[in-house]
Amino acid sequence: MYWNDPASQERLSKLGPLWEKDIFDASTVGSLLRDIQLHGVECFDVVDRLAFMASFEQGRAAIRKSDSWEFQLTQLIRYSDDPKVRVSATVALSELLPDLAAEHLEKAAIDVLKMLESKDDIDRIRACKALPALVKHAALGSEILSENTFQRVLDLGGVSETESLMVQIHASQTLSLLARQDGYRPALTDKAANDITELLDSKHEEILVAALRILAALVHDKIAQDKMLGLIPVLIKHLKQHDFYVSPPVGNVICAYARHENFRKALLDPENGFFALLIDMLEHRLTDIEDPAIQILRQLASYADIQTDLIHKGHIKKLASLMKSRKHETSSGAILALLSILPHPFIRLVAVQEGVVETLVNHLKHQQKCLFAAYALSLILHYDNTRKAMFELSAPDYIVTALKQGSFNGTVENEHGKVVLKRLMHNDDLRAAVLQAHTIAALCTMFKKGELALNRAAMDFLDIMSNYPDGKELIKECKVTVFRAIVGALDRQDWGSQKNAAIALYTLFGIPHPSERTFVTEEFRSAILEGLPQILKLLAHDRSYRTVGGAAALLALSDDGAVRAFVREHADFKFVRSVYFSKSMKLQYHGSDPREEDVHTMLDKLFEAMEESDHPRRALKFPDVHPIPSRSPLVTSLAILSCVLYIPCGFAAMLTGLALDKTEPSPT
């Protein structure tokens, strides 16, 4: 991390809660200020920490929470005899106080220029750190950033002036920041241009990246423009590294200078093999960041000569072919590259002719590829020719199939599948086609399976559709059918499906957020209230698993007073409660039905919840339900054989088998 470097600050802001960042918070400031009081003017390391924190917003906010920061830093500037302390304190105050007194800034500028000429590497590094902060002030900018100062820092970045790698790194980083100060940066000299070019040969990535940032900042300088024409092979060599650190700034340099026609012409020279390199990078794309090849294609495609080269040299056809690759990195890289250049009409026309849309629709048919394909289609749906091709290839039907598979539960390119589906459904034509593609049947199938992921996907779809008039009509039309499908999941001999169905009712009824009623919950609330007799019918059934399914659903809905009032007065509930407490309840247990003790626990919780008149809101939690332990196939077979063949030890074997059944865990 470097002072005043936006890239460093951005990296810091993205660090998650697992990272220890308390060295930058308010508690740190208090201890640093106490150290200043304790050690007085001999505390340059402490002041350095404060100066660093003052160079980014998070650190500045932490410092401002202290009461004495301004007084203590001002005292150091006025009374310290150590230039290192004065400079760091001035840098910190200059970041915290935009209107810092000019006398303090001028004094710091004199100190920094002296430190730059020092033979002490520590002084040189401190001067390099302080320069970007001081240059930002109008009173000092043009004065401190002279041609001599710029060249001095450039000399420190080379190996001829110092053997200290840290000095070289800090000097080159400082240059990359100073180069962005267009208002104060001196004109580039031939010597400076040559020195910057030499930095590109550094074996240290930090210095190389800083040199690339310097070149990108000098894009409007005529000397730099002429120099860059001869540096294209060097840029391509570094681009071939294809990594997270060096390749992106190389891409920034290429995109910056591409505004100059002579640079583009030299870049497209067949000997450089530039586009062939980009396509090779896409075949092995970096998946955790936007690949530099995609970044470069997006920005260069805005130029007419680049578009012509992409079309007539067969690069669009090559990308369309790579989309069909079975290797995910290659296929997705080609898709993302094409997405970046499809906004241009001529490229889009050729891409459609090369079957790009057809390939994406074919990917919709494959469960592993369909979400990425849907993501891509959602970004090109607003173009007339791509949308027309989608409809001709029956894309709406495959989107419904992807929905039915729960494919939109995943994440693609840092976007949740729901966002992708929402973008697709925002198009009126596509939404109308999807609504006609057996959508209600698909929703019912999803809910009837009793799978949590499918239930979530179906509810996300309903939530999206509630934003449109035709979607609201769909919800009104399907609510009763969907409710019956959920009841079907409650009627399954599988506790997992029953529990998920109960959770679906709990969510669709709006119990988790009763104060935030939505169109979906309002519509399904009425459907569920009208359908309560169907759930009560399950509760009153003589098969234990059906009783558990009905009880779980009613328990999930028991937070609502209207549900409790209706259920308590219903004949089926009264009957079940009566026979249960009179201990005359007779349920059948077969196969993988729930255990008797689990059924009783579920009914106890249900009756307790239904009897509460003023029900306190609580998190939905079901008691554990386990199936009856299954018999060992071997023991069962022996027992049957002993009975059939009248083996003398048969009766003993049967008793042994029954005993084992009581102790053996279920294989499920």
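So, how was this worked out
- Residues numbered from 1 in each chain as written.
- Predicted model: local features only at pLDDT ≥ 70, side-chain atom pairs only at ≥ 80, totals over all residues.
- Heavy atoms only, no water.
- Helix = DSSP H or I, 4+ residues; strand = E, 2+ residues; numbered from the N terminus.
- Expected span 1.5 Å × (residues − 1).
- Bend = angle between axes of the 7 residues up to and from the residue.
- Buried < 20%, exposed > 50% of the residue type's maximum accessible area, 1.4 Å probe, protein only.
- Polar contact = N/O pair within 3.5 Å; in protein donor to acceptor, adjacent residues only side chain to side chain.
- Axes fitted to C-alpha atoms, helices over the stretch in contact; angles between N-to-C directions.
- Parallel < 35°, antiparallel > 145°, perpendicular 65-115°, else oblique.
- Left-handed = near helix turned anticlockwise from the far one by under 90°.
- Contact = heavy atoms within 4.5 Å.
- Nonpolar A, V, L, I, M, F, W, Y, C, P; charged D, E, K, R; others polar.
- Core = buried A, V, L, I, M, F, W, Y, C linked by side-chain atoms within 4.5 Å.

**Digging into helix H8 (residues 121-135)**
Helical periodicity: at 3.6 residues per turn, an α-helix aligns residues three or four positions apart in one direction.
Piece 1. Along its 15 residues, H8 runs 21 Å from first to last C-alpha, staying within 8% of the 21 Å computed at 1.5 Å per residue.
Piece 2. At Lys-129, H8 shows its maximal kink, close to 25 degrees; a proline, Pro-132, follows between one and four residues later.
Piece 3. Of all the 15 residues making up H8, 12 are buried; the element is thus mostly covered by neighbouring parts of the structure.
Piece 4. Within the span of H8, buried status applies to Asp-123, Arg-124, Ile-125, Arg-126, Ala-127, Cys-128, Ala-130, Leu-131, Pro-132, Ala-133, Leu-134 and Val-135.
Piece 5. Two or three places before Ile-122, at the start of H8, stands the capping residue Asp-120, its side-chain oxygen 3.0 Å from that residue's backbone nitrogen.

**A word on the packing of helix H3 (residues 44-53) against helix H6 (residues 83-96)**
Piece 1. One can describe the packing of H3 onto H6 by two numbers: an axis separation of 8 Å at closest approach and a directional angle of 20 degrees. The angle between the axes of H3 and H6 places the two elements in the roughly parallel class. Where H3 crosses over H6, the handedness of that crossing is left-handed. For the pair H3 and H6, the contacting residues are Phe-44, Val-47, Asp-48, Leu-50 and Ala-51 in the first and Lys-84, Val-85, Ser-88, Ala-89, Val-91 and Ala-92 in the second.
Piece 2. Looking at the contact of H3 with H6 residue by residue, the class counts come to 8 nonpolar, 1 polar and 2 charged.

**As for the environment of Pro-343**
Piece 1. With respect to the helices and strands, Pro-343 occurs in the loop between helix H22 (328-341) and helix H23 (345-353).
Piece 2. Placed 45 residues apart in sequence, Pro-343 and Arg-298 show a C-alpha to C-alpha distance of 9.4 Å.
Piece 3. Excluding its chain neighbours within four sequence positions, the residues that come into contact with Pro-343 are Arg-348 and Tyr-383.

**Regarding the nonpolar core**
Piece 1. The biggest cluster of nonpolar side chains holds 215 residues, and the ones touching the most others in it are Leu-73, Ile-254, Tyr-257, Phe-274, Phe-408, Phe-447 and Ile-535.
Piece 2. Among the elements that line this core, the one with the most residues is helix H32 (residues 469-490), at 10 residues.
Piece 3. Beyond its immediate sequence surroundings of up to four residues, Phe-274 is in contact with Ile-236, Leu-239, Ile-254, Leu-267, Ile-296 and Leu-300.

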